[in-house]
Amino acid sequence: MSPQNKKSTPIDIGIPAAQRTRIAAGLSALLADSYTLYLMTHNFHWNVTGPMFNTLHQMFMVQYTELWTAVDPIAERIRSLGHAAPGSYAQFGALASIPDAPVSPPKALEMVRILVDGHEAVARTARGMFPLADKAGDEPTADLLTQRLTVHEQTAWMLRSLLED
């Protein structure tokens, strides 16, 4: 059967199409933020230097591994809602609220500060779309958002602790 003749099976999961579209758009932004933060954290893992090298190198590895694991469930939720998940750097750049990593690696504590900002931004993205999921009765998305909020708020707190005198 040619692609033009292929019919898609309608989605009837109890969430109207318009709400699924809005939720998928919000999740696409969350995916873009998460992937951008993953890439930045991995970059900092590779490029950190200084007296805190060992501690930060290991901490960043734990964080980028968690982020890498997190992007798949976000993308799969978008697919479950009947939409294509973004997956290119161009799409992520257009959707992300987090700026790209600096071209030149910053000093170690500046990396930490940038990552605090990144985790807080992802938390804001997740929290901002929670009302959409809640209003639609989309419990799987609400659960996913709650899990992501917990991780990003806790990680931001731990990173902020390193910046205190």
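What counts and what doesn't
- Residues numbered from 1 in each chain as written.
- Predicted model: local features only at pLDDT ≥ 70, side-chain atom pairs only at ≥ 80, totals over all residues.
- Heavy atoms only, no water.
- Helix = DSSP H or I, 4+ residues; strand = E, 2+ residues; numbered from the N terminus.
- Expected span 1.5 Å × (residues − 1).
- Buried < 20%, exposed > 50% of the residue type's maximum accessible area, 1.4 Å probe, protein only.
- Contact = heavy atoms within 4.5 Å.
- Phe/Tyr/Trp six-rings, centres within 6.5 Å; stacked < 30°, edge-to-face > 60°.

Peer 1: Can you help me understand helix α2 (residues 53–80) in this one?
Peer 2: One turn of the α-helix equals 3.6 residues, which is why residues spaced by three or four share an orientation. In a regular helix each residue adds 1.5 Å, so 28 residues correspond to 40 Å; α2 covers 41 Å between its end C-alpha atoms and thus fits that length. Restricting attention to buried positions, one finds in α2 the residues Leu56, His57, Phe60, Gln63, Tyr64, Leu67, Ala70, Val71, Ile74, Ala75, Arg77 and Ile78. Considering only its buried residues, α2 is in contact with α1 (17–47), α4 (108–136) and α5 (139–163). Note on α2: the residue one or two positions beyond its end, glycine 82, has a positive phi of about 95 degrees.

Peer 1: Explanation requested: the side chain of histidine 57 in the structure shown.
Peer 2: Locating histidine 57 in the fold gives a position in helix α2. Under the relative-accessibility criterion, histidine 57 is labelled buried at 18%. Not counting the four nearest positions on each side in its chain, histidine 57 is found in contact with His45 and Val48.

Peer 1: What's the story with the packing of aromatic side chains in this structure? I'm lost.
Peer 2: The description of two aromatic rings rests on the distance between their centres and on the angle between their planes. One pass over the structure, following the stated rule, counts 7 aromatic pairs. An aromatic cluster is present here, built from Tyr35, Tyr38, Tyr64, Trp68, Tyr89 and Phe92 joined pairwise through their rings.

Peer 1: Honestly, the environment of proline 10 in this entry has me stumped. Any pointers?
Peer 2: Checked against the element boundaries, proline 10 lands in the segment before α1. Each C-alpha atom of the pair proline 10 and glycine 82 lies 9.0 Å from the other, and the pair is 72 residues apart in sequence.

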